[in-house]
Amino acid sequence: MESHEQKMEQQRVDSVINQITAKIKSVSLEYSKAHAEMKSVQQNYSANTSVNYVEVDDRIDTSAELQQQRALASRLIENEQIIAGQLNVYKDLEKSPYFGRIDIQDPGEAEQEKLYIGTASFTDDDANFLVYDWRAPISAIYYNGTLGDVTYDTPAGKQLTKLTKKRQFLIQNGQIESMFDTNETVGDEMLQHVLGQQNDETMQNIVATIQREQNDIIRDTHSDLLVVQGVAGSGKTSAILQRIAFLLYHSRQELQADQIVLFSPNKLFSHYISDVLPSLGERNMRQVTLADFLSQRLQGLDVESLFDRYEKDVALTAEQRALVNYKSSSHYMHQIADYCQNLAPTHFKFNHIYFDGRIFFDKAEIEKIYQGLPHLQPAERFLRTKNILIKQLKRRINQEAKSDWVAEEIDQLSNEEYHNLLGSKRLHDFQEVDAETNYIARKIVTRRLRKVYDAIYNNYFLDIYSQYADFMDTVTAPDNVSKAAMAASKKNFLHDIEFHKCELVDAAPLLYIRDILTGGGQNHAMHHLFVDEMQDYSIAQLQYLHHAFPKAHMTFLGDAEQALFKAVQTPEELLTSLRNAFNVHRPRLLKLNRSYRSTLPITTFAKALLPDGDQIEAFNRPGQLPRLVIRYDADSCYEALEEEVSRLRVDNGTVAILTKNLEQAHEVYQKLHHETDDVTLMTDADLSLPKGTLVMPIYLAKGLEFDAVVAWNVSAANFPDQRFTGTLYTIATRAMHQLVLMSLGPVSPLIASDKMPKSVLQIEHELTN
Ligand SMILES: Nc1ncnc2c1ncn2[C@@H]1O[C@H](COP(=O)(O)OP(=O)(O)OP(=O)(O)O)[C@@H](O)[C@H]1O
């Protein structure tokens, strides 16, 4: 029965919703007006230019009037977008205006104040706050404070108040579904409700139930390097997204969404998280995978992906592994920096610049220019060389403009081509006809030699491959890496380059050398750099990212237990290495030990896979025990797989069959696909997740979650030893509600160990004859 208290609260909800509805009406009108105005300017503009205003080519867009109109059109578009954004926010608030209430009593005040907290602020016509944004300074109390005296940060410093009540609401379609008073930071009842729901295709925001330790990450504006070690399902990704929303609110004036970049594990993940910020009324930050970032910077080279490396990694010898570790270290990157700083001018490696298959600038010539310059930093010297080359190119353009072929080409130009070449120049800009012809001739030659200019501009005359090979020749490797191994690695690198390929481990060092020597590659406009799944990045790669975004505050999140490669360092060691490598002033390490994603039985099983799993605290959400199904021949194993999948499909929108690698994903898909059409094999090119039965290797499922998971073939043959603990743990922890483990043959010792209590699994064993 509805209590009196709840009735009162519902009345308030009704009243706030009425005001929101009225606001929606007035803002909709405003929107229609803005839209009409924008349309009319747009029509006017296109009538004047007969060119679509969006695709308009800057070159012809010189008239001041047109420019003004264009500026007006883009202002109006922006205005329309802002109003559309506001409308969306109000429409969301209309369904669920808030999720929390705090009652506070400020010192010296007789009256208590009731504050309601929602995903965005809402004020009445007299500017009274009916709802406070969850990011407002006072709202921090809702997440952090327990009843009694509390403080919160404001721009004017710390404020003291007394928290006398904390209430949580679940409001759906304008109705209070439930409400609780709590002394907890955010009570478990709400969490139970939210976590028990089925997985949507995309991630939801968690602002109604942010936990205290997550709140610390979200609201940290002090640290310049924030490292978060969080167990699987502890809300690291959620924390990143709410943190971005918080930062955008907190620094509204200085920070735009595109000054924040997130390195995400794969493209599916990018889609999976794409709704969270818009649901909070914010634009998405930039997102990129490491592979895309590196390939973009090393154009023309096919850089090995993390997943190719992972598939290959298992086969490495001890020495090869030592070499990979060395090349992944901060020490290696420091050695590169030293090498570049101390590089004798005679050791600089240059390329010829070609044009039409012939040498245009000889590398000997370039060397001479470089060596002839006074003693300077390599980048400065390089820049001067570049400028000299551009000057020389201009001289050669002027000479070439006098050639016969150019005169002939001018004769054959149509009127239109001629005017195009004139561009913004007008005939009366030239004193003499000759000057005009000469201008056109230079234009023609410049156009012809564009490739040479681009080659100079893009620093192609530095031979970074030879330079990096030279570095590998001269560097002193640690004791566990022999000279022969280093030489072999260099040979292998040069061999791959012949085929336009590059191993992942060499990509960051290669870019680093190029950037230091050319003085390029740095983006100073990025304010925040986020790296999710940081355990799969080497220190060298992180160091390169820091170099590439030198002004960015860094937030790195990961879980050492989910490392694709064996974790090299503990979070504490990692923080120390990063602090030393990055020269940061305010580093901070935070840990999240509570896991929210999976039911208690699934987390209990996953914990038992890890040597130090005890530190993981499972959220107490009930569910079925994970099932272990064992079969001894492939046919019956696949048959059992089909049965398990159909059973799981009854209760779950999505069932993911996760395999150790791509090859096994293909095998499983081939088998299932024969029997049913309703199964999808995911690849790293896929951008979104369909519903139904999905098959994929675990590395594509990094960071994702599914209602039900089938871990494919957890046999001793497939997961023989602790090298695979991280992989198995990651697979198991993708499941929210149900987990089935299939084994073809005897079960992996990681599961059939003394450490694994029998009570955590429901075992279905087929007896062999
Ligand atoms: N405070 C919270 N309230 C509600 N749901 C939460 C909360 N924290 C985490 N979750 C939910 O738990 C699940 C796991 O969160 P998330 O994916 O952010 O964890 P993660 O630490 O990045 O996981 P992993 O490292 O295993 O990929 C998500 O469904 C998320 O919505």
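Residues numbered from 1 in each chain as written. Predicted model: local features only at pLDDT ≥ 70, side-chain atom pairs only at ≥ 80, totals over all residues. Heavy atoms only, no water.

Per an unreviewed UniProt entry, the recorded name for the chain is DNA helicase, and the organism is Secundilactobacillus pentosiphilus.

**Q** Explain the overall build of the chain residue by residue, including any values.
**A** Scanning the chain from terminus to terminus reveals 27 helices and 26 strands. A principal-axis box enclosing the C-alpha atoms of the chain has dimensions of 95 × 75 × 55 Å. The burial tally for the chain puts 51% of its 769 residues in the buried class. Accessible surface computed for the chain: about 36600 Å², of which carbon and sulfur atoms make up 49%. Side chains of the chain carry 79 positive and 105 negative charges; the gap between the two charge centres is 5 Å. (Helix = DSSP H or I, 4+ residues; strand = E, 2+ residues; numbered from the N terminus. Buried < 20%, exposed > 50% of the residue type's maximum accessible area, 1.4 Å probe, protein only. Areas by Shrake-Rupley, 256 points an atom, 1.4 Å probe, with all protein chains shown as cover. Lys, Arg positive; Asp, Glu negative; His and termini not counted. Charge placed at Lys NZ, Arg CZ, Asp CG, Glu CD.)

**Q** Describe the domain arrangement of the chain, listing the residues and the values that go with them.
**A** Many analyses report the size of an interface as the accessible area lost when the parts associate. In terms of domain boundaries, the chain breaks down into domain 1 (4-95), domain 2 (270-342 + 464-592), domain 3 (353-458) and domain 4 (600-604 + 620-765). Taken over C-alpha atoms, the centre of domain 1 sits 43 Å from the centre of domain 2. (Domains from an automatic or database assignment.)

**Q** So, the environment of Y98: which residues are in play, and what are the values?
**A** Looking at the secondary structure, you find Y98 in the loop between α2 (64-95) and β1 (100-105). Residues Y98 and V16, 82 residues apart in the sequence, show an inter-C-alpha distance of 9.8 Å. Residue contacts for Y98: discarding those within four places in its chain leaves E9, R12, V13, V16, Y116, I117, G118, V131, F169 and I171. Among the polar contacts listed, one links the side chain of Y98 to the side chain of R12, at a separation of 3.2 Å. (Contact = heavy atoms within 4.5 Å. Polar contact = N/O pair within 3.5 Å; in protein donor to acceptor, adjacent residues only side chain to side chain.)

**Q** Tell me about the pattern of salt bridges, and please be specific about residues and values.
**A** Tallied over the full model, the rule gives 28 salt bridges. The residue E617 makes a salt bridge to R594 at a minimum N-O spacing of 3.5 Å. Of this pair, E617 sits in strand β19 (residues 617-618) while R594 is found in strand β18 (residues 594-595), placing the two residues 23 residues apart along the sequence. According to the relative accessible area criterion, E617 is partly exposed, its value standing at 43%. R594 gets classed as buried once you look at its relative accessible area, which sits at 17%. A cluster of three or more residues bridged by salt bridges with shared partners is formed by E5, E9, R101, D103, K165, R167 and D181. (Salt bridge = Lys/Arg side-chain N within 4 Å of Asp/Glu carboxyl O.)

**Q** So what's going on with the site of the ligand? Residues and values would help.
**A** Around the ligand sit 23 residues, and of these T209, K236, T237, E705 and R734 come closest. At 3.0 Å from an oxygen atom of the ligand is found a main-chain nitrogen or oxygen belonging to G235. Here S238 contributes a side-chain N or O atom positioned 2.8 Å from an oxygen atom of the ligand. When the free accessible area of the ligand is taken as 630 Å², the share hidden by the protein chains comes to 97%. Secondary structure elements with two or more residues in the shell around the ligand: α4 (188-195) and α6 (236-250). No other element matches α6, which puts 3 residues into the shell around the ligand. Split into classes, the residues belonging to the shell around the ligand amount to 8 nonpolar, 10 polar and 5 charged. (Near = heavy atom within 4 Å. Nonpolar A, V, L, I, M, F, W, Y, C, P; charged D, E, K, R; others polar.)

**Q** Describe the sheet that holds strand β21 (residues 654-659), listing the residues and the values that go with them.
**A** With parallel pairing, 7 strands are arranged side by side in an open sheet as β22-β23-β21-β24-β25-β20-β26. The two strands at the open ends of the sheet, each matched to only one other strand, are β22 (679-681) and β26 (762-765). In this sheet, adjacent strand axes meet at a mean angle of 20° when their direction is disregarded. Inspection of the sheet shows β21 paired to strand β23 (residues 692-697) by 6 bridges, in the parallel sense. (Pairing = 2+ DSSP bridges. Axes fitted to C-alpha atoms, helices over the stretch in contact; angles between N-to-C directions.)

**Q** Can you lay out the UniProt feature "binding site: ATP" (unreviewed entry) in the chain for me, pointing to particular residues and giving the numbers?
**A** The sites that carry the UniProt feature "binding site: ATP" (unreviewed entry) are, in the present numbering, G230, V231, A232, G233, S234, G235, K236 and T237. Structurally, S234 is set in the loop between β8 (225-230) and α6. Each residue touching S234, except ones within four places of it in the same chain, is listed here: Q214, L592, R594, S595 and Y596. The contacts of T237, once residues within four sequence positions are left out, are M203, F269, I273 and D532. (UniProt positions renumbered as here; feature names shortened; annotations may be inferred.)

**Q** An account of the packing of aromatic side chains is needed here, citing residue identities and associated values.
**A** Taken as a whole and judged by the stated rule, the model has 31 aromatic pairs. Relative to F619, the ring of Y596 has its centre 6.0 Å away and its plane inclined at 45°; by these criteria the two rings are tilted. With Y596 in the loop between β18 and α24 (600-609) and F619 in the loop between β19 and β20 (627-631), this residue pair connects regions lying 23 residues apart in the sequence. The two residues Y596 and F619 agree in class, both being buried. In textbook terms, an aromatic cluster arises when at least three aromatic residues are bridged by ring pairs, as seen for Y326, Y332, Y339, Y465, Y468, F471 and F493. Here the guanidinium or amino end of R12 rests over the ring plane of Y116, the centre of that ring lying 3.6 Å away. Positioned above the aromatic ring of F361 is the side chain of R396, whose terminal nitrogen or guanidinium carbon lies 5.4 Å from the ring centre. (Phe/Tyr/Trp six-rings, centres within 6.5 Å; stacked < 30°, edge-to-face > 60°. Lys NZ or Arg CZ within 6 Å of the ring centre and 35° of its normal.)

**Q** A description of the side chain of S595 should follow, citing residues and the corresponding values.
**A** Checked against the element boundaries, S595 lands in strand β18. Reaching out from S595, the side chain makes a polar contact with the backbone oxygen of A232 at a distance of 2.8 Å. With residues up to four places along the chain from it excluded, the contact list for S595 reads V231, A232, G233, S234, T603, I616, E617, A618 and F619.

**Q** How would you sum up the side chain of S139? Please name residues and give values.
**A** Position of S139 relative to the elements: it lies in the loop between β4 (129-133) and α3 (140-144). Residues in contact with S139, not counting those within four places in the same chain, are I117, Y132, D133, W134 and R219.

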